[in-house]
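# Geometric and topological summary
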Amino acid sequence: MAESSSDTTGMSADGDLSRTPLHALHLELGAKMVPFAGYDMPVQYPMGVLKEHQHCRAAAGLFDVSHMGQAWLVAEAGEDPAAPLEMLVPAEIQALKPGRQRYTQFTNGAGGILDDLMVTRPVGELGADRLYLVVNAACKEADFAYMSEKLAGRARLERLDDRALIAVQGPEAAAAVAHVFDDRDLTTAPFMSQSLGRFAGEVCWLSRSGYTGEDGFEISMPTAIAEELTRALLAVEAVAPIGLGARDSLRLEAGLCLYGHDIDTGTTPVEAGLVWSIGKRRRGEGGFPGAETIQAQIADGAPRRRVGIRPDGRAPAREGVEISSESGEGIGTITSGGFGPSFGGPVAMGYVRADHAEPGTAVRLTVRGKAQPATVVALPFVPANFYRG
Amino acid sequence: MSKTYYSEDHEWIEVEGDIGTIGVTNFAQEQLGDVVFVELPEVGDSLDQGGEAGVVESVKAASEVYAPVSGEVTEVNDDLADNPGMVNDEPEDGAWFFKLKLSDPAELDDLMDAAAYKKFCKDQA
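Residues numbered from 1 in each chain as written. Chains lettered and ligands numbered in written order. Predicted model: local features only at pLDDT ≥ 70, side-chain atom pairs only at ≥ 80, totals over all residues.

### Regarding the UniProt feature "domain: Lipoyl-binding" (unreviewed entry) in chain B
Under the local residue numbering, the UniProt record ascribes the feature "domain: Lipoyl-binding" (unreviewed entry) to residues 19–101 of chain B. In residues 19–101 of chain B, helix accounts for 18% and strand for 42%; the two terminal C-alpha atoms are 5 Å from one another. (UniProt positions renumbered as here; feature names shortened; annotations may be inferred. Helix = DSSP H or I, 4+ residues; strand = E, 2+ residues; numbered from the N terminus.)

### Brief notes about the domain arrangement of chain A
A common way to report how large an interface is uses the accessible area buried once the components associate. Residues and elements named next belong to chain A. Taken domain by domain, chain A holds domain 1 (17–301) and domain 2 (303–383). Taking only C-alpha atoms into account, the centre of domain 1 sits 27 Å from that of domain 2. Listed by partner, the interface residues are 17 residues for domain 1 and 21 residues for domain 2. Every element with two or more residues in the side of domain 1 that touches domain 2 is listed here: helix 2 (49–58) and helix 7 (244–253). The element contributing the most residues to the side of domain 1 that touches domain 2 is helix 2, with four residues. (Domains from an automatic or database assignment. Contact = placed C-beta atoms within 7 Å.)

### Notes on the UniProt feature "domain: Aminomethyltransferase C-terminal" (unreviewed entry) in chain A
When the UniProt feature table is mapped onto this chain, "domain: Aminomethyltransferase C-terminal" (unreviewed entry) is found at residues 304–382 of chain A. When the span residues 304–382 of chain A is considered, its composition is 0% helix and 58% strand, and the gap between its end C-alpha atoms is 23 Å.

### Quick word on the sheet that holds strand 8 (residues 71–76) of chain B
Each strand in a sheet pairs with another by means of backbone hydrogen bonds, the pair being arranged parallel or else antiparallel. Residues and elements named next belong to chain B. An order of 1-2-3-9-8-5 is seen for the six strands of this open sheet, with the pairing classed as antiparallel. Edge positions in the sheet fall to strand 1 (3–6) and strand 5 (46–47), since each has one partner strand and no second. The pairing of strand 5 with strand 8 spans two bridges and is antiparallel. By the bridge assignment, Leu-47 is partnered in strand 8 with Gly-71. (Pairing = 2+ DSSP bridges.)

### Side note on the confidence of the model for chain B
Here chain B shows a mean pLDDT of 95. Residues at 70 or above account for 100%. Note on the complex model: pTM 0.92, ipTM 0.82. (pLDDT = per-residue confidence, 0-100.)

### Observations regarding the UniProt feature "modified residue: N6-lipoyllysine" (unreviewed entry) in chain B
Using the residue numbers shown here, the UniProt feature "modified residue: N6-lipoyllysine" (unreviewed entry) corresponds to Lys-60 of chain B. Relative to the assigned elements, Lys-60 of chain B resides in the loop between strand 6 (52–58) and strand 7 (62–66).

### Topic: the UniProt feature "binding site: substrate" (unreviewed entry) in chain A
Residues and elements named next belong to chain A. Residues annotated in UniProt with the feature "binding site: substrate" (unreviewed entry) correspond here to Glu-218. Residue position: Glu-218 is located in strand 13 (residues 216–222). The buried category is assigned to Glu-218, around which 24 C-beta atoms lie within 10 Å. In this view, Glu-218 contacts Leu-165, Ala-167, Ser-207, Ser-209 and Gly-210; residues no more than four positions away in its chain are not counted. (Buried ≥ 20, exposed ≤ 12 C-beta atoms within 10 Å, placed from the backbone.)

### Some thoughts on the packing of helix 2 of chain A against helix 7 of chain A
All names here are of chain A. Contact geometry for helix 2 and helix 7: axes closest at 8 Å, N-to-C directions at 55 degrees. The angle between helix 2 and helix 7 falls in the class oblique. In this structure, the crossing between helix 2 and helix 7 has a hand that is right-handed. Side by side, helix 2 and helix 7 meet where Val-49, Glu-52, His-53 and Cys-56 of the first sit next to Gly-245, Ala-246, Ser-249 and Leu-250 of the second. Tallied by class, residues from the contact of helix 2 with helix 7 come to four nonpolar, three polar and one charged. (Axes fitted to C-alpha atoms, helices over the stretch in contact; angles between N-to-C directions. Parallel < 35°, antiparallel > 145°, perpendicular 65-115°, else oblique. Left-handed = near helix turned anticlockwise from the far one by under 90°. Nonpolar A, V, L, I, M, F, W, Y, C, P; charged D, E, K, R; others polar.)

### Structural notes on the environment of Glu-107 of chain B
All names here are of chain B. As for its placement among the helices and strands, Glu-107 is situated in the loop between strand 9 (98–102) and helix 4 (114–124). The class of Glu-107 is buried, set by 20 C-beta atoms lying within 10 Å. Sequence separation between Glu-107 and Val-55 is 52 residues; the distance between their C-alpha atoms is 22 Å. Aside from chain neighbours lying at most four places away, what touches Glu-107 is Gln-49, Val-69 and Ser-70.

### Describing the nonpolar core
All names here are of chain A. Grouped together as the largest cluster of nonpolar side chains are 126 residues, with contacts concentrated most on Leu-85, Leu-133, Ile-166, Val-168, Val-177, Ile-309 and Ala-317. Counting the residues that make up this core, at least three belong to each of domain 1 (17–301) and domain 2 (303–383). If we skip the residues at most four places from it in the chain, Ile-166 touches Leu-62, Phe-63, Asp-64, Val-65, Ile-219 and Thr-230. Counting residues in hydrophobic clusters, the runner-up holds seven residues, among them Ala-31, Met-41, Tyr-45 and Leu-244. (Core = buried A, V, L, I, M, F, W, Y, C linked by C-beta atoms within 7 Å.)

### Section: the sheet that holds strand 11 (residues 194–199) of chain A
Residues and elements named next belong to chain A. With respect to topology, six strands assemble into an open sheet ordered 11-12-13-10-4-14, the strand pairing being mixed. Looking at the sheet topology across the chains shown, the edges are occupied by strand 11 and strand 14 (239–241). Shown here is a sheet whose adjacent strand axes are inclined to one another by a mean of 30 degrees, direction ignored. Examined bridge by bridge, strand 11 and strand 12 (residues 202–207) share six bridges and lie antiparallel to one another.

### Examining the environment of Pro-222 of chain A
Residue and element names in this part refer to chain A. Its place among the elements puts Pro-222 in strand 13. Classification of Pro-222 as partly exposed rests on a count of 18 C-beta atoms within 10 Å. Along the chain, Pro-222 and Leu-165 lie 57 residues apart, while their C-alpha atoms are 8.8 Å from each other. Each residue touching Pro-222, except ones within four places of it in the same chain, is listed here: Asp-162, Arg-163 and Glu-202.

### Side note on the environment of Arg-102 of chain A
All names here are of chain A. As for its position among the elements, Arg-102 is in strand 6 (residues 100–107). Here Arg-102 falls in the buried class, since 20 other C-beta atoms lie within 10 Å of it. In this structure the C-alpha to C-alpha distance between Arg-102 and Pro-190, which are 88 residues apart in sequence, comes to 13 Å. Dropping the residues within four chain positions of it, Arg-102 is found in contact with Ala-91, Ile-93, Leu-96 and Val-119.

### Describing helix 7 of chain A
All names here are of chain A. Burial within helix 7 is extensive, with nine of its ten residues counted as buried. Buried within helix 7 are the following residues: Leu-244, Gly-245, Ala-246, Arg-247, Asp-248, Ser-249, Leu-250, Leu-252 and Glu-253. Elements in contact with the buried residues of helix 7: strand 2 (32–36), strand 3 (39–44), helix 2, strand 4 (60–64), strand 17 (330–340) and strand 18 (345–353). Trailing helix 7 by a residue or two, Gly-255 shows a phi angle of about 75 degrees, which is positive.

Here it is, written out as structure tokens:
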């Protein structure tokens, strides 16, 4: 038996790996650790990927996402930092109200995606002159340098390396978070909103968002209280720690993109099906990198589209698998794929030529040299369970 | 009287007469994690020692299963197709993959016995 595809169980012990403030707790919880984006991260706990995935959908899962990049973008001259940030992203940021959060992407001159990120205009107490950003771990150094350079003179970047970030996700997540913060109002906090919470005398920033398709919160806190807060959440019976393995299968079932796989500099937000995240004003006005390409694709359609791919059989189709038409013509590639524990079968997403992107289209996947039948399907594979009030 | 041998690729083969029953070891299933798909050879397939005999996929990755010795496939465990999780639950028992009529029993000399395999795993961990 030998590994034939990329594996997350690699045991290389790289001494240069960074550690999150929860590293010791992961080891105490029996996590299997792997290198990820320069960090030594838990890929799974003793429960295992499958059960962790199911636990998150049925109760609540806790994820350490402290490796992600948190930063303030602070206006230099009394202006709204949303205006300079809009030079780099296609979302409507200026109209974002205090305490509201939005998903967007840094685009390049060709309309490709440099990274995707969450932008929050913080609640009033945190300052009206700033935006709170969360970017991908693997891209954070590049993102921060890019913003510092491009926005120099108008907005400055303040890294928040002294803060940890955890996500609590699942149908029991809001109740668990409200219990630990002793604040029932958190259970009715709107989707994609920010609230403040106090724990051990420190202020935490809670956003009702996540990366699993489930209801839940992402909680930013000073590193000094990270372990204590995490232990308090894990003490709630419904909450179990979840590793990167289940995080990946959860987001894949939810149809959410993983940067570097489903989106990258070679894919536009239009091809990726992210037009919903582009503000209406911005579609007309442009003024972000690659606007001409993106506006043209919105008007005329993109040549290829990100779609869900459901293998008809039981064999998972993983990243890199070629997608062809029923007549054998190459029409695209799988960008993420595996087994969907809640879906109960193999699930994948990838890009196909626009004329094969309609749900229900029959395609072929070349898995280990054999053509396997599959079907283009609408995303997500598992319906989103966000809090809608 | 049967005897069980182990390969460096973490397959086991239990030999009785000229028939070998093949599966993956407990060490292998622990490394794989939750198994979600198994692809087996077909009855009548002629396999060479070290040649690809099947695939086992976990939530994490796909791994090939190799024939620890040469021979002709006489039987496959169809239960695995519907219940791949058996590989995690009973890897060295109910979750056998296929049976093979050995074409060259001398190839068994290339494999390890239980004690040697145990040491091999310890060195890998």
